[in-house]
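Geometric and topological summary
Chain residues, written in single-letter form:
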Amino acid sequence: MILFFIFGFILYSTANTVSGQPNRNSSDERGELLFVQLLFRHGDRTPLSFYKNDPWKDQKNWDHEPGQLTNLGKQQEFELGLYIRDRYADFLDPTYSENDIYVQSSNITRTILSAQAFLTGVYKPETSPDFWTSNLPWNPPFTVHTTPRKVDNLIHANTKCAAFSKHFDAFLQLDEIKEFDRKHKELYDYLSLHSGDNVEKMSDTVPIRDTLWIESIHNKSLPDWTKRVLRGGDLYDNLEETFLKTFRLDTSTQFMAKIKGGFLLKDILDRFTNKSKSLLEPDRKLWVYSGHDSTIIRLLNSLGILETVPNVSTCVLFEMRNINNVPHIEIFWKDASAAAVPLRIPNCGLSCPLADFYVLYKNVLPTKSFEEECMVPENERSNAGKNASKFILQIIALSVLLKQFMY
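What you see is a predicted model, and the numbers here were worked out from it, not measured in a lab. (Residues numbered from 1 in each chain as written. Predicted model: local features only at pLDDT ≥ 70, side-chain atom pairs only at ≥ 80, totals over all residues. Heavy atoms only, no water.)

Right, let's talk about the overall build of the chain for a bit. Scanning the chain for helices and strands turns up 13 helices and 10 strands. Burial statistics for the chain: of 407 residues in total, 52% are counted as buried. Partitioning the intrachain contacts of the chain with sequence separation of at least 6 by distance along the chain shows that 74% fall at a separation of at least 24. Accessible area for the chain stands at about 19200 Å²; split by element, carbon and sulfur atoms hold 51% of it. (Helix = DSSP H or I, 4+ residues; strand = E, 2+ residues; numbered from the N terminus. Buried < 20%, exposed > 50% of the residue type's maximum accessible area, 1.4 Å probe, protein only. Contact = heavy atoms within 4.5 Å. Areas by Shrake-Rupley, 256 points an atom, 1.4 Å probe, with all protein chains shown as cover.)

A word on empty space enclosed by the protein. The final tally for this structure, using the stated rule, is 1 cavity of 30 Å³ or more. Estimates place the volume of the largest cavity at around 60 Å³. Considering the residues around the largest cavity, the lining is formed by Arg 41, Arg 209, Asp 210, Trp 213, Phe 243, Asp 293, Val 309, Pro 310 and Asn 311. With 3 residues, helix H6 (residues 202-217) is the largest single contributor of residues to the lining of the largest cavity. Across the lining of the largest cavity, the residue classes break down as 4 nonpolar, 1 polar and 4 charged. (1 Å grid on protein atoms, 1.4 Å probe; cavity = no way out; pocket = protein on both sides within 12 Å on 5 of 7 lines; lining within 4 Å. Points joined across faces, edges and corners; volume = space filled by probe spheres on them. Nonpolar A, V, L, I, M, F, W, Y, C, P; charged D, E, K, R; others polar.)

The next subject is the packing of H6 against helix H7 (residues 236-248). Across the interface, H6 lies against H7 with an axial gap of 8 Å and an inter-helix angle of 115°. In this view, H6 runs roughly perpendicular relative to H7, as classed from their interaxial angle. The handedness of the crossing between H6 and H7 comes out as left-handed. Facing Met 202, Ser 203, Thr 205, Val 206, Arg 209 and Asp 210 of H6, the residues of H7 in contact are Leu 239, Glu 240, Thr 242, Phe 243, Lys 245, Thr 246 and Phe 247. Of the residues contributing to the contact of H6 with H7, the split by class is 5 nonpolar, 4 polar and 4 charged. (Axes fitted to C-alpha atoms, helices over the stretch in contact; angles between N-to-C directions. Parallel < 35°, antiparallel > 145°, perpendicular 65-115°, else oblique. Left-handed = near helix turned anticlockwise from the far one by under 90°.)

Right under this line is the structure:
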């Protein structure tokens, strides 16, 4: 569904132009900029869960419910929006229009609110035709599109797929996986002893590491035992290794990469293709995905260019440029506190012809529907995926009602 949100938070004093980065003009020495697609992770959030012995697990210690975007997270996404506005100052129109930009989010509150904060950095709210009052402290008149989680095979990408599950379960039985867990048994035993959780495999370390990382960001004093697994501790590298390894697992083979990252990659490439052939309608300039660390990891691991787990508000930018009448794609990685840096595309370089992507990644690009790729028997297939777009609704009724109350 398409959600129109009005939510409250105070804009920070950093609503100034971001500096210290090259301006990506619509045309420069690298060719004319034609289209941009970007994927970012949501901003800072509260922990999704707490380990058994966590001294901070009581909800009274947190301003938001578990897994929710914090005010710091809103600030981070707002600043990312400012960065994008500055980077593409000569490319994007200053006035918000859905004919220029489309924003797609997973159907989870923290990513939807992140998208709203991001848009407020890119566009001043009063430039939107849906802006209707300045009497509210926070009034983002921007549309964010979402799809129900059970049919979202692009961003959330946890849609049920029996063929994937069977393949993944078999992969976990490989000797290399078992050897990895044996190698990290000291870490698992240490975490089990002190956290109170039962840690037997690499994926069991993820919620503990995630929670400790967030608690440290929010200046929560951590138990002494955590010193060994935090930066500088003798088990820190082991914990980080298991964290990244776990996230990489479900795109470790071509088939798994096709199911978990291939549909998003195809969505991006096909849109670039339509744009290059003047078939994109409306003829937009910017397409935005608001997602998760897993979204970025699956996509970049499928491309063979993943190096690290993305922090909150990390952004991956895909730019299409016209070079000698041939559309080329460049990919950039942007951490929250740094300018975007180019990523080298395997077997192609920093700037790769769009057509080459279809050749390089033919084994991870799906050629059938999601249900067909998942080998669902035809008589068991639903129309959910096909009809998902029909259920995409725009909840502007709230805005209309509020307008009516003003008269």
